[in-house]
Structures are given as C-alpha cells and as structure tokens.
Amino acid sequence: MVDDYVQVKHGRREAAYLHPIMKDVLAETHGVMVYQEQVMRILNRLGGIELANAYTCIKAISKKKLEMIAKYQEQFIAGAKAQGLSTKEVRTCSS
C-alpha cells in the first residue's frame, strides 16, 4: 500500500480507480485508502450503506468482528453492483 502511494505520488504510475466514486474519494491520497473516513465514504456512496452503519462497520473492522463485517460486506456488494461494478470488481474492493 505504501509503495503504491509513493509510486503514484511521484508520477511513476497512474492510480487505478474501479469507479468514479472511488476516484472522487481517493484522489487526495493518490488512490490509496489511508483514512477511516475514506472507507466510510466508499461504504456509503458506493455500497449504499448509511453513514451511521458505515461507522459501525469501521468499528467492527478495527475490532475484527467477522460476523458483523460479513453482514456489511453483503450490503456493500449489493450496493456496488447496483452502481454498475461487476462481481469481480466488487470482490476487489471488499477484500
């Protein structure tokens, strides 16, 4: 992840975005998820998860509550597919 950030920041390679929403959220950090707020925005805007639930999901991720993470992952996959991402692209975002 750090290598990706450095490569893009110094113009050695282009940042890759799977969806325009991801570009909008991740542009300031050169295509790398650095901040929890970015993850929350992607969960909300791309996955269709309400912000309060996105916050709960972030907390579940930090505490490694796998059952709760799986619940939100299913919601995210459904929401991202509705935004036009393929199953393979969604799996890339959610892993």
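Provided above is the structure to which this section pertains.
Quick caveat: nothing in here was measured; it's all calculated off a predicted structure.

A. Quick peek at unusual backbone geometry. For His30, which is not glycine, the phi torsion reads 55° and is therefore positive. Among the secondary structure elements, His30 is positioned in the loop between helix H2 (20-26) and helix H3 (36-45). Given the relative accessible area of 25%, His30 is considered partly exposed. If you check the backbone angles, Lys64 has positive phi at about 55° while not being a glycine. Assignment of secondary structure puts Lys64 in the loop between helix H4 (51-62) and helix H5 (66-82). Overall, the relative accessible area of 65% leaves Lys64 in the exposed class.

B. A look at H4. Relative to the 16 Å expected for twelve residues at 1.5 Å per residue, H4 spans 17 Å between its end C-alpha atoms, a close match to the ideal helical length. Buried residues belonging to H4 abut H3 and H5. Downstream of H4 by a residue or two, Lys64 has a phi angle that is positive, lying close to 55°.

Cut-offs used in this document
Residues numbered from 1 in each chain as written. Predicted model: local features only at pLDDT ≥ 70, side-chain atom pairs only at ≥ 80, totals over all residues. Heavy atoms only, no water. Helix = DSSP H or I, 4+ residues; strand = E, 2+ residues; numbered from the N terminus. Buried < 20%, exposed > 50% of the residue type's maximum accessible area, 1.4 Å probe, protein only. Expected span 1.5 Å × (residues − 1). Contact = heavy atoms within 4.5 Å.

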